[in-house]
Amino acid sequence: MTATLPLVPLPRSVSPSDGAPFLLAARTPLIAESDAAAAARRILSAATAQTLDLPTDPLPSSPAITLTHTSDIGPSGAYRLRSAVGGLEISAADAPGLAAGLHTLTQLLEPVTDGWEVPALLIADTPRFAYRGLMLDVARHFFPVDDVCAVIDRAASLKLTHLHLHLTDDQAWRLELQAHPALTDAASASAVGGDPGGFYTREDYERIVAYAADRHLTVVPEIDLPGHTHAVGLAYPHLAADPVVTPQLAAEAAARGEALPAAGTPYTGLGVGFSSLRLDDEATFDFVADVLGELARLTPGPYLHLGGDEAFGTAPEEYDAFLSRVTQLVADLGKVPITWHDAGRADVAPETIGQYWGLTTPDSEAAEAAQAFVHRAGGVILSPADAVYLDMKYDDDTPRGLTWANGPTSVRRAYEWEPASLVDGITDDDIVGVEAAVWTETIDDLVGLDAMMFPRLAAAAEAAWSAPLGSDPDRSWESFRRRVGGLGPLWRRQGIAFHPDGRIPWAKG
Ligand code: ACM
């Protein structure tokens, strides 16, 4: 192509055609079924920052946008887009494919006096991985439903399919449960730094799930167990072990001027790995079964995430037995368990998916833990922390963010990694997908999320959607930085407060 067209994630094939561009205007006719027509109006109005009527007209007298279902394009999300002066057609086998084509269309719009031009071309596009995720930590800081919906819109615009909500951690429990209202009554009011907290009612959660589903995203809820559970002890002291304060945790807390974790007191610091549920008590298993049962009933999607990371306060043999039992419990609830890769060492239910959060150059322990999920039946989701943990600083001057994942993560580092080269022996067949993560110890609003996610979320989306790194001259950093720079005007119209990274040639407008 194409390097000049600001298309991210990079499509599989882009063929410019001869001929004049298609013109999109407020009253361009649409030929589409009602759901697809509504999606087109919503997506194109947001992308132009104008209300586009796009009247549905099966026999239009001027060039139209046609959205067509066709069974010869696959898998889910794949689409074809043909643009010419006489009309623009997007065809796909399913609604996610039509939406993906519409999001590509938003990246092609060039403003002109009487509307928006789309160059004459043909795009044939298909995703590499079916699971293309974004994790949002709503525990360290709370984000209201409207912010979560805004994040869903941003994820959908990059053709992501899953929103993983990290709902619980040491600092708070953010989801109201009918069986255990004490969790949110006692453990949702605070956040890191003593900032205000909050929680989602069951209705809020259902609203988020429905909003995501409308945009073809599946919500993956995470209840982090058996560590990262200090907040549970605020509601149920008998279920929580005493915090394990190591000399390292104490030294780090002192350096940050934070209080140490104390049983029964909300924790507002940045430390990790000190908390555990009491696994020597059957009451804990009853509690976990209740919580996961209610969560399974509330969640239409196929996955429940159980955490399992950094349980340094849990005895190893108790950890292994717990993960084995609880992943089986989730499987018996009819859901696919996901855990962080730490649980790979345990005898988890065979279909359990492991989420790899090690570095792009794995240490042997992390690699072996990830490989264990592949040796069973589950597979892995890849979230290499020094590439797609979007709460890492871009460079030493970034106001928000952390640096523990091998220092700052430049946009280039977020881009230049290849999923099939990450962990020895783990290839496309073993990879369920790629997920970026935003932890929120240092982020407390949508502006902050935007600044940390954009443009690096676009790099993660390209790893998840596009062909392997280096397989095409355009699947390269040099091409990406130019393509992503061309998205600046679209992101501004969409109200995305992206980080204006100095290594990217941002287009004006
Ligand atoms: C993690 O970053 N502790 C999964």
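Residues numbered from 1 in each chain as written. Predicted model: local features only at pLDDT ≥ 70, side-chain atom pairs only at ≥ 80, totals over all residues. Heavy atoms only, no water.

Draft legend 1. Looking closely at the sheet that holds strand S1 (residues 13–16). The strand order across the open sheet built from six strands is S1-S9-S5-S6-S4-S3, with neighbouring strands paired in mixed fashion. Bordering the open sheet on either side are S1 and strand S3 (30–31), each of which pairs with just one other strand. Both strand S4 (residues 64–69) and strand S6 (residues 87–92) contribute to a ladder of six bridges, which runs parallel. If you follow Leu 67 over to S6, its bridge partner there is Ile 90. Relative to S4, helix H1 (residues 34–48) is tilted by about 130°, and along the sheet it contacts S3 and S4. (Pairing = 2+ DSSP bridges. Helix = DSSP H or I, 4+ residues; strand = E, 2+ residues; numbered from the N terminus. Contact = heavy atoms within 4.5 Å. Axes fitted to C-alpha atoms, helices over the stretch in contact; angles between N-to-C directions.)

Draft legend 2. View of the packing of aromatic side chains. Summed over the entire model, instances satisfying the criterion amount to 17 aromatic pairs. Ring geometry for Trp 357 against Trp 404: centres 6.2 Å apart, planes inclined by 80°, an arrangement best described as edge-to-face. Remark: Trp 404 occurs in the loop between helix H11 (385–388) and helix H12 (411–415) and Trp 357 occurs in the loop between strand S15 (353–356) and helix H10 (364–375); sequence separation between them is 47 residues. Cluster of aromatic residues (ring-pair linked, three or more members): Trp 340, Trp 357, Tyr 389, Trp 404 and Trp 439. Sitting above the plane of the Trp 465 ring, Lys 159 keeps its charged end 5.7 Å from the centroid. (Phe/Tyr/Trp six-rings, centres within 6.5 Å; stacked < 30°, edge-to-face > 60°. Lys NZ or Arg CZ within 6 Å of the ring centre and 35° of its normal.)

Draft legend 3. Structural context of the nonpolar core. Core analysis: the biggest nonpolar cluster contains 141 residues, and Leu 67, Leu 105, Trp 173, Tyr 200 and Trp 491 have the highest contact counts within it. Counting residues in each nonpolar core, the second largest holds ten residues, with Tyr 389, Met 392, Ala 437 and Trp 439 among its members. (Core = buried A, V, L, I, M, F, W, Y, C linked by side-chain atoms within 4.5 Å. Buried < 20%, exposed > 50% of the residue type's maximum accessible area, 1.4 Å probe, protein only.)

Draft legend 4. A look at helix H9 (residues 316–332). For H9, built from 17 residues, the straight-helix expectation of 24 Å at 1.5 Å per residue is met to within 8% by its first-to-last C-alpha distance of 24 Å. Of the residues making up H9, those classed as buried are Tyr 319, Phe 322, Leu 323, Val 326, Thr 327, Val 330 and Ala 331. Taken down its axis, H9 places every buried residue within 160° of arc, on the same side. Across from the buried face of H9, at angles greater than 90 degrees, the exposed residues are Glu 317 and Asp 332. (Expected span 1.5 Å × (residues − 1). Arc of directions from axis to C-beta.)

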